[in-house]
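# Geometric and topological summary
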Amino acid sequence: MKLPKYIFQHHEISVWYAAIPLVVLVVMLAFVIKAFGTDAIDGGSQVALLIASSVAAFIAIVVCGVKWSVLENAIVENIRTSASAIIILLLIGAVSSSWMLSGVVPTLMYYGLQIISPNIFLGVACLICAMVAIVTGSSWTTIATIGVALMGIGRAEGFDEGWIAGAIISGAYFGDKMSALSDTTVLASSTVRVPLFEHINYMTITTVPSFVIALIVFFIVSFTHSGSSPAEIEALSSALRSSFTISGWLILVPIVTMLLIVRKLPALVTLFISVVMACVSMVVAQPDIIAKVGGEGSLSTFRALMVVSSGSTAIDTGHETLNGLVATSGMAGMLKTIWLVLCAMCFGGVMAGSGMLEVLTRIFVRYAHRTISVVGSTLATGLFCNLVTADQYISIIITGSAFREFYQKRGLEGRLLSRSVEDTATVTSVLVPWNSCGMTQSTVLGVATLTYLPYCLFNLISPLMSLFVAAIGYKIYRKVER
């Protein structure tokens, strides 16, 4: 069903009326974040979105005479387009849990930790976080687990905490962007309606150079530093060895998954196969984990696999940091994100169906005549949304939805939009102190947002690289106008 385009019967809505729902949303989110802090996504943000949606619908119907059926169709269409993304999000939850408890992620961590040295620490920390984030699809999980361990190691080796946090966050957000398992990557591609793997491939043009530049700087800074304290590394490595069967064979799971991605199999098929491989690996390589999760009885293995894929697990490894890593939430852990997506789709649907989104977008696109100014307007909108909505998911949805038709009219590819959205809405969220990402990572790492901000090199370089690539026009194509 194609979204009906509303034409105002009396007069076009003014920018002041269009801004009211956005102002309401910002104010509501400010109160929610102040009241609930890092738990804002547990329900407060969703309610704020629905209240803002109601305000937008009231203005559209009462002030502008828009029919409710038009708004309802817009909401339904928005939610319909996110249906596949919701299923992918559920599978991502299953993949994250199964890869963790099958020993895939612990194996990658173990081998990664063996090569850490003070002279290469920041660069290696960035690489490890990137690797873990790619295979798990979650920057938050990466930072809250291995990131915490690396903070302890870095502090023991005498590194400035801003540099440590910057390296960890840079790696985690690079891996998050480049992972087919990432909810933000899936959300950005689905919002703009670009195939997931096509979106990821196109992102490499700006993302990989940004990461390489950041990585070079981190290695240079590490090389000029001296210090030693391998105790924390050995403690975590020992905990990994005692809790999991560490084997190079387990790396076959991410390798096969990457091959499936390269072969461009549908994301749903790739993720499902990945879950099955991880579950088989868990049965073969981690019988102790199976026993702890599944309990006793003839159905122990079956029960363990079901719990790991769908629900929460917590295993005591004897190491506090590792306990946080092993704790998984499966599909159930994605429900809050899905809830947020549905509410955000309602808000975006009402704003789009009423014409308010188009009116607000014109503020940013008024001077967008060339490709670089179009991309610049998109980047500015993504940053603006991160500042005012305080949530990267909402920023991704609003920016992608606002510019989708504009890019089509200009003959620009959808993948250029989805990449531009990720180059700001995803990576700059952690740089805003009152954004949910900024608050969470600051709390988890124990470093103030403004302290680590100058050292999050990848996050700072990405928007600039996006502008540079747009300026030179590298692999930016226009559709043939008819």
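Residues numbered from 1 in each chain as written. Predicted model: local features only at pLDDT ≥ 70, side-chain atom pairs only at ≥ 80, totals over all residues. Heavy atoms only, no water.

Note on placement: R362 falls in helix 18 (residues 356-365). Residue R362 is classed as partly exposed on the basis of its relative accessible area, which comes to 34%. Separated by 44 residues in the primary sequence, R362 and G318 place their C-alpha atoms 56 Å from one another. (Helix = DSSP H or I, 4+ residues; strand = E, 2+ residues; numbered from the N terminus. Buried < 20%, exposed > 50% of the residue type's maximum accessible area, 1.4 Å probe, protein only.)

Below, the discussion takes up the layout of surface pockets. One water molecule sets the probe size; rolling that probe over the atoms shows where empty space is left. Put simply, the largest pocket is a space of about 990 Å³. Elements with a contribution of two residues or more to the lining of the largest pocket: helix 4 (83-101), helix 7 (139-156), helix 16 (320-326), helix 17 (335-353), helix 20 (392-409) and helix 22 (436-445). When grouped by side-chain class, the residues that make up the lining of the largest pocket number 12 nonpolar, 20 polar and 5 charged. (1 Å grid on protein atoms, 1.4 Å probe; cavity = no way out; pocket = protein on both sides within 12 Å on 5 of 7 lines; lining within 4 Å. Points joined across faces, edges and corners; volume = space filled by probe spheres on them. Nonpolar A, V, L, I, M, F, W, Y, C, P; charged D, E, K, R; others polar.)

In this section: the confidence of the model for the chain. Mean pLDDT over the chain: 83, with 93% of residues reaching 70 or higher. A low-confidence stretch, residues 1-11 (pLDDT under 50), is modelled with 25 contacts involving residues beyond four sequence positions or located in other chains. (pLDDT = per-residue confidence, 0-100. Contact = heavy atoms within 4.5 Å.)

Phi at R193 takes a positive value of approximately 65 degrees, unusual for a residue other than glycine. One non-glycine residue, K475, adopts positive backbone phi at about 55 degrees. On the secondary structure map, K475 appears in the segment after helix 24 (457-472).

So, on to the packing of helix 2 (residues 44-63) against helix 17. With their axes 9 Å apart at the nearest point, helix 2 and helix 17 run at an angle of 15 degrees to one another. As the angle between them shows, helix 2 and helix 17 are arranged roughly parallel. The two elements helix 2 and helix 17 cross, and the hand of that crossing is left-handed. Contact residues: helix 2 offers S45, Q46, L49, L50, A52, S53, A56 and A57, while helix 17 offers K336, W339, L340, C343, A344, C346, F347, V350 and M351. (Axes fitted to C-alpha atoms, helices over the stretch in contact; angles between N-to-C directions. Parallel < 35°, antiparallel > 145°, perpendicular 65-115°, else oblique. Left-handed = near helix turned anticlockwise from the far one by under 90°.)

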